[in-house]
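Chain by chain, the residues:
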2 protein chains.
Amino acid sequence: MARITFWFEFASTYSYPAAMRIEELAEASEVEVTWRPFLLGPIFNAQGWATSPFNLYPAKGANMWRDLERTCAELKIPFKRPTPFPQNGLLAARIATYGLSRAWGVAFTKAVYRTEFGDGQSIDSPTVLKGLVADAGGDADAACQGALTEINKLALKQATDQAIALGVFGAPSFVTDDGELFWGNDRLEQALCWAVSSD
Amino acid sequence: MARITFWFEFASTYSYPAAMRIEELAEASEVEVTWRPFLLGPIFNAQGWATSPFNLYPAKGANMWRDLERTCAELKIPFKRPTPFPQNGLLAARIATYGLSRAWGVAFTKAVYRTEFGDGQSIDSPTVLKGLVADAGGDADAACQGALTEINKLALKQATDQAIALGVFGAPSFVTDDGELFWGNDRLEQALCWAVSSD
C-alpha cells in the first residue's frame, strides 16, 4: 500500500485543515498515513525567528488569517483565531508523540486542532489536554506521565531532527516513501497522487 | 463583468505559471484581468531582506524549485531554473508598465516569463527585451524610450505603493474589486470564483 508521512506542528495554522482532511482523502486514494508531530520552534530559531513568520511579517500574517478563514469556510469546518498566537503546543506534541503509537493518537491530534483553531481555545493546559485524551479513548493520566518521560521527550526531539533531515521547513509537510517533499495544506492532494504513482 | 487585478513581479517564480494560466481560466470564468507589474524589492528591503527569501532560507528555496518543477510538469509548460536568481527584472517591469496600456503588453509579459523560467535565460538585457517587444507586435525602440521616461518610472513606483496599500506582500497576488487579496499561483482559481460570486 502507498504511504505518506504527515508532519505537523500544533502551532501551525494550515496543519489544522490538513489534519481535518487527510484521513478521508488518503482513504479515497488508498494511501496509508503516518502522523508525525514535530516542533517548528528549533527550525525557526535557527533562522533567527523568535516567533512565527506570520507575526514577524504583518502583511503576510493578515493574509494568512483571512486565507485560513476562507479555506475553513470552503471546507465547512469551524474557524476561530486563538489568542495568543502561536499557541504553546509543546505538551500537546509530547502527548501526541506518545499517543500516536496507540489507538487514540489520531483522534487526540484532531481534537487538539479543533480546540485551537475551531474553538479558538488554548492548548497548553494539562487539564484541557487530559480531557481530549480521555475523549479520544485514552487513559489521560497514563498519557501525561508517558508524555513526560525522557524517552518520549527525546523521541519528539529526534522527530524534529528527522524532519529537518528530510528538508522540512514548515508545516504541514507531506513526505512520500521515495523522499518527495510537499509543503502546505494545498499540496495534500498532489502528495497523495505522488505516493500512489510512485508506489 | 467581474474583474481581478493580477499583480506580478518578473523575479517571482510562481508568477510564471500564473501568467501562463490566467488568460484561459479567466476567460472560462468570464472575468476580466488587469495585469499590473510591481516591484518586490522595496517590500523585501523594508522587511530586512536583501535578496529573495528563497535564497535566505535554503530549505524553503530547495522545496520551491522542486515544487515549481512539479507544477510546470503538471501544466505541461517548460521549466528551466535561471542563474542568477533572482533575475533583475527592473527594465522588463518598466517596459511592461509602458506596454500594458498597449496591445502587446500581455504577450510581452508572458514572453518575459517564458524566457526566464521556461528557457532559463536572463531578462535584464535591453537587446533581449527589445526582441520580445518586437515579437509581441510592439515598436521596440519606442517601448524602450517610453519605459525610461520619468512618468513611466514613477508609474511603476506608484504601482508598488498601491500594491502595498492593498496588502500585497508577495507575487503573484490577485485582488478583486471588493478588495479581497489572494496570494500565490495556487489561489488563482479561488480568486476567480470570488470575483464572480461578489460581482
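Criteria and thresholds
- Going along each chain's sequence as written, the residues are numbered from 1 onward.
- Here every chain gets a letter starting at A, and every ligand a number starting at 1, in the order they are written.
- In keeping with the predicted nature of the model, local features appear solely for residues at pLDDT of at least 70, side-chain atom pairs appear and are counted solely at 80 or more, and the whole-chain, interface and lining totals rest on all residues.
- Based on all heavy atoms of the structure, the side-chain values leave hydrogens and waters out of the count.
- In this description a helix means any DSSP run of H or I spanning at least four residues, a strand means any run of E spanning at least two, and both kinds are numbered starting from the N terminus.
- Only protein chains enter the calculation, and the probe is 1.4 Å; a residue is then buried if its accessible area is under 20% of its type maximum, exposed if over 50%, and partly exposed in between.
- His is not counted, nor are the chain ends, whereas Lys and Arg count as positive and Asp and Glu as negative.
- We define a salt bridge as a contact between a side-chain nitrogen of Lys or Arg and a carboxyl oxygen of Asp or Glu at a distance within 4 Å.
- Only heavy atoms enter the contact rule, under which two residues are in contact if any of them lie within 4.5 Å.
- Strand pairing is assigned whenever DSSP detects at least two bridges linking the two strands.
- Structural elements are reduced to axes, namely lines fitted to C-alpha atoms, with helices fitted over the stretch in contact, and the angle between N-to-C directions of any two is expressed from 0 to 180 degrees.
- Superposition of the copies was done by least squares, using only C-alpha atoms of residues whose pLDDT is at least 70 in both.
- Whenever a pair of cysteine sulfur atoms sits within 2.5 Å, that pair is classed as a disulfide.

Q: What am I meant to see in the side chain of Arg94(B) here?
A: Residues and elements named next belong to chain B. Position of arginine 94 among the secondary structure elements: in helix α5 (residues 90-99). Put simply, arginine 94 is tucked away with no salt bridge, and the nearest opposite charge, on glutamate 150, sits 7.4 Å away. Those residues in contact with arginine 94 that sit more than four places away from it in its chain are Ala147, Leu148, Asn152, Lys153 and Leu156.

Q: Can you walk me through the sheet that holds strand β1 (residues 2-8) of chain B in this structure?
A: Note on sheets: strands pair through backbone hydrogen bonds, and any given pair is parallel or antiparallel. Residue and element names in this part refer to chain B. With respect to topology, four strands assemble into an open sheet ordered β2-β1-β3-β4, the strand pairing being mixed. Looking at which strands have only one partner, the edges of the open sheet turn out to be β2 (31-37) and β4 (181-183). The mean angle between the axes of side-by-side strands here comes to 25°, regardless of whether they run parallel or antiparallel. The pairing of β1 with β2 spans seven bridges and is parallel. In the strand pairing of β2, phenylalanine 6 is matched with tryptophan 35. Set on the sheet, helix α10 (residues 188-197) makes contact with β1, β2, β3 (173-176) and β4; between it and β1 the angle comes to about 150°.

Q: Help me understand the relation of the copies chain B and chain A in this model?
A: A rotation about some axis, followed by a shift along it, carries one copy of the chain onto the other. Once turned by 180° and shifted 0.0 Å along the axis, chain B lies on chain A with an RMSD of 0.0 Å. Expressed as an axis order, the relation between the two copies is that of a two-fold axis. Closest to the rotation axis within chain B is the C-alpha of Asp186(B), separated from it by 3.9 Å. The fraction of interface residues of chain B whose copies in chain A are also interface residues reaches 100%, indicating that both copies meet through the same surface.

Q: I would appreciate a short explanation of the state of the cysteines in the present structure.
A: Simply put, disulfide is the name for a covalent bond between the sulfur atoms of two cysteines. This model, assessed by the stated rule, comprises zero disulfides over all chains. Free of any disulfide, Cys72(A) has its nearest cysteine sulfur in Cys193(B), 17 Å distant. When its relative accessible area of 1% is taken as the criterion, Cys72(A) is described as buried.

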